[in-house]
Amino acid sequence: MQINHASLPLLKGYRAGPNRVEAISYLGSATILGNNVCTCAHVVQSVDFEKELILIKWNPNDAKRPWVVFPAAIMHPRYDFAVLQTSQH
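Let us look at the structure shown here. Source: prediction; values computed, not measured.

Rules of the game
Residues numbered from 1 in each chain as written. Predicted model: local features only at pLDDT ≥ 70, side-chain atom pairs only at ≥ 80, totals over all residues. Heavy atoms only, no water. Core = buried A, V, L, I, M, F, W, Y, C linked by side-chain atoms within 4.5 Å. Buried < 20%, exposed > 50% of the residue type's maximum accessible area, 1.4 Å probe, protein only. Helix = DSSP H or I, 4+ residues; strand = E, 2+ residues; numbered from the N terminus. Contact = heavy atoms within 4.5 Å. Patch = residues over 30% accessible without salt bridge, like charges linked within 9 Å, V, L, I, M, F, W, Y side chains within 5 Å. Areas by Shrake-Rupley, 256 points an atom, 1.4 Å probe, with all protein chains shown as cover. Salt bridge = Lys/Arg side-chain N within 4 Å of Asp/Glu carboxyl O. Pairing = 2+ DSSP bridges. Polar contact = N/O pair within 3.5 Å; in protein donor to acceptor, adjacent residues only side chain to side chain.

Another point: the nonpolar core. Ranked by internal contacts, the top residues of the largest apolar core, which has 16 residues, are Leu10, Val44, Ile54, Phe70 and Leu84. Breaking this core down by element, the ones donating at least two residues are β1 (7-17), β2 (20-33), α1 (41-44), β4 (53-56), β5 (68-70) and β7 (82-85). Here the element with the most residues in this core is α1; it accounts for three residues. Not counting chain neighbours up to four residues away, the residues in contact with Leu84 comprise Leu10, Val37, Thr39, Val44, Ile54, Phe70, Ala72 and Ala73.

Spelled out as structure tokens, the structure:
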């Protein structure tokens, strides 16, 4: 099993153009649970989703693959848990 099939590095970024995103910092990691990408709420609560995005690459060793963009997260109101939201498949 490759680590990127279970754990993913999360990066904070922004849209640098219509088809371009730019990564600016490391946030933490996420885990794939079923069809969801999940992390701790404290990892993503510093992201201003009106200006910033969360970015991952399914295979960080493949520079030609596009970023997967998460423009929102649903954070649990009580527990330190968040599910990242994307429109990508």
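Before going further, it helps to spend a moment on a nonpolar patch on the surface. Together, Leu33, Tyr79 and Phe81 give the surface a local cluster of nonpolar side chains, amounting to about 300 Å² of exposed area. Structurally, the position occupied by Tyr79 is in the loop between β6 (72-75) and β7. Residue classification places Tyr79 among the partly exposed residues on the basis of a relative accessible area of 48%.

Here the focus is the pairing of β1. As judged from the 10 bridges shared by β1 and β2, these two strands associate in the antiparallel manner. Across the sheet, residue Leu8 finds its bridge partner in β2, namely Ala30. Count of turn residues in the β1/β2 antiparallel hairpin: two residues. Pairing of β1 with β4 involves three bridges; the strand directions are antiparallel. Note that in β4 the partner of Leu11 across the bridge is Leu55.

So, on to the side chain of Thr39. Here Thr39 is to be found in strand β3 (residues 36-39). Note on Thr39: relative accessible area 6%, which makes it buried. At 2.7 Å, the side chain of Thr39 and the backbone oxygen of Ser29 are in polar contact. Excluding residues within four positions of it along the chain, Thr39 makes contact with Leu10, Ser29, Ala30, Val44, Asp80, Phe81, Ala82 and Leu84.

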